[in-house]
Amino acid sequence: FLETAAYFCMKPKMGEKEVSPHSFFNIWHEFSSDFKDFWKKENKLILQERVKEAEEVCRQKKGKSLYNIRPKHDSGIVSKNCSNT
């Protein structure tokens, strides 16, 4: 524990000889809580951006027709009979 506290440059509070686990983990808990909150917010923003992009792609695909409609040609039996009368 003391090596870890030294790695993070923790110094004992006034009146204490060495860093106590309570003071170290109190700071660590605050950091990890803040980090978790920011992580959730960032993930939420990324998800919203991806949903918007997916909706835009969907709109673009709906705008394009999946099939072409050609005009009807008068080449059938009915058209030949109607033109003769």
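Nothing here was measured: the structure is a model prediction, and the numbers come from that model. Numbering of residues begins from 1 in every chain and follows the order in which that chain's sequence is written. The model is predicted, so local features are restricted to residues of pLDDT at least 70 and side-chain atom pairs to those at 80 or more, both for listing and for counting; the totals for chains, interfaces and linings are taken over all residues. Only heavy atoms go into the side-chain values, all of them from the structure, while hydrogens and water stay out.

Draft legend 1. Inspection of a nonpolar patch on the surface at higher detail. On the surface, a nonpolar cluster with roughly 1000 Å² of combined accessible area is contributed by Phe1, Leu2, Tyr7, Phe8, Phe25, Trp28, Phe31, Phe35 and Trp39. A run of DSSP states H or I qualifies as a helix once it reaches four residues; a run of E qualifies as a strand once it reaches two. Both are numbered from the N-terminal end. Broken down by secondary-structure element, the contributors of at least two residues to the nonpolar patch are helix H1 (2-7) and helix H2 (21-63). In terms of residue count, the dominant contributor to the nonpolar patch is H2 (five residues). Structurally, Phe35 can be placed in helix H2. The buried label applies to any residue whose accessible area, calculated with a 1.4 Å probe on protein chains only, is under 20% of its type's maximum; exposed applies above 50%, and partly exposed to all values in between. Overall, the relative accessible area of 47% leaves Phe35 in the partly exposed class. Each patch is assembled from residues with relative accessible area greater than 30% and no salt bridge, linking like charges that lie within 9 Å and nonpolar side chains (Val, Leu, Ile, Met, Phe, Trp, Tyr) that lie within 5 Å. Values of accessible area rely on a 1.4 Å probe in the Shrake-Rupley scheme; residue burial ignores everything except the protein chains shown. Take a side-chain nitrogen of Lys or Arg and a carboxyl oxygen of Asp or Glu: if they are within 4 Å of each other, that pair is a salt bridge.

Draft legend 2. Representation of the confidence of the model for the chain in the model. A score between 0 and 100, pLDDT records how confident the predictor is in each residue. Taken over all residues, the pLDDT of the chain has a mean of 82, while the share at 70 or more is 76%. When the elements of the chain are averaged for pLDDT, helix H3 (residues 77-84) gives the smallest value, 60, and H2 the largest, 91.

Draft legend 3. Region of interest: the packing of aromatic side chains. Side-chain rings of Phe, Tyr and Trp (the six-membered ring for Trp) are treated as a pair once their centres are within 6.5 Å; stacked means planes under 30 degrees apart, edge-to-face means over 60, and tilted covers the remaining angles. Per the stated rule, a full pass over the model turns up nine aromatic pairs. Where Phe35 meets Trp39, the ring centres are 6.1 Å apart and the plane angle is 25 degrees; that geometry is what we call stacked. With Phe35 and Trp39 both in helix H2, this residue pair falls four residues apart, about one helical turn. For Trp39, a relative accessible area of 52% corresponds to the exposed category. Members of the aromatic cluster, joined through ring pairs, are Phe1, Tyr7, Phe8, Phe24, Phe25, Trp28, Phe31, Phe35 and Trp39.

Draft legend 4. Representation of the pattern of salt bridges. All told, the structure shown has two salt bridges when counted by the stated rule. Among the ionic pairs, Glu56 bridges to Arg59, the shortest N-O distance being 3.1 Å. Taken together, the residues Glu56 and Arg59, both in helix H2 and three residues apart, mark about one turn of the helix. For Arg59, a relative accessible area of 51% corresponds to the exposed category.

Draft legend 5. The arrangement of the environment of Leu2 in detail. Turning to its location among the elements, Leu2 is positioned in helix H1. Any pair of residues with heavy atoms lying within 4.5 Å of one another is described as a contacting pair. In contact with Leu2, other than residues within four places in its own chain, are Glu18 and Val19.

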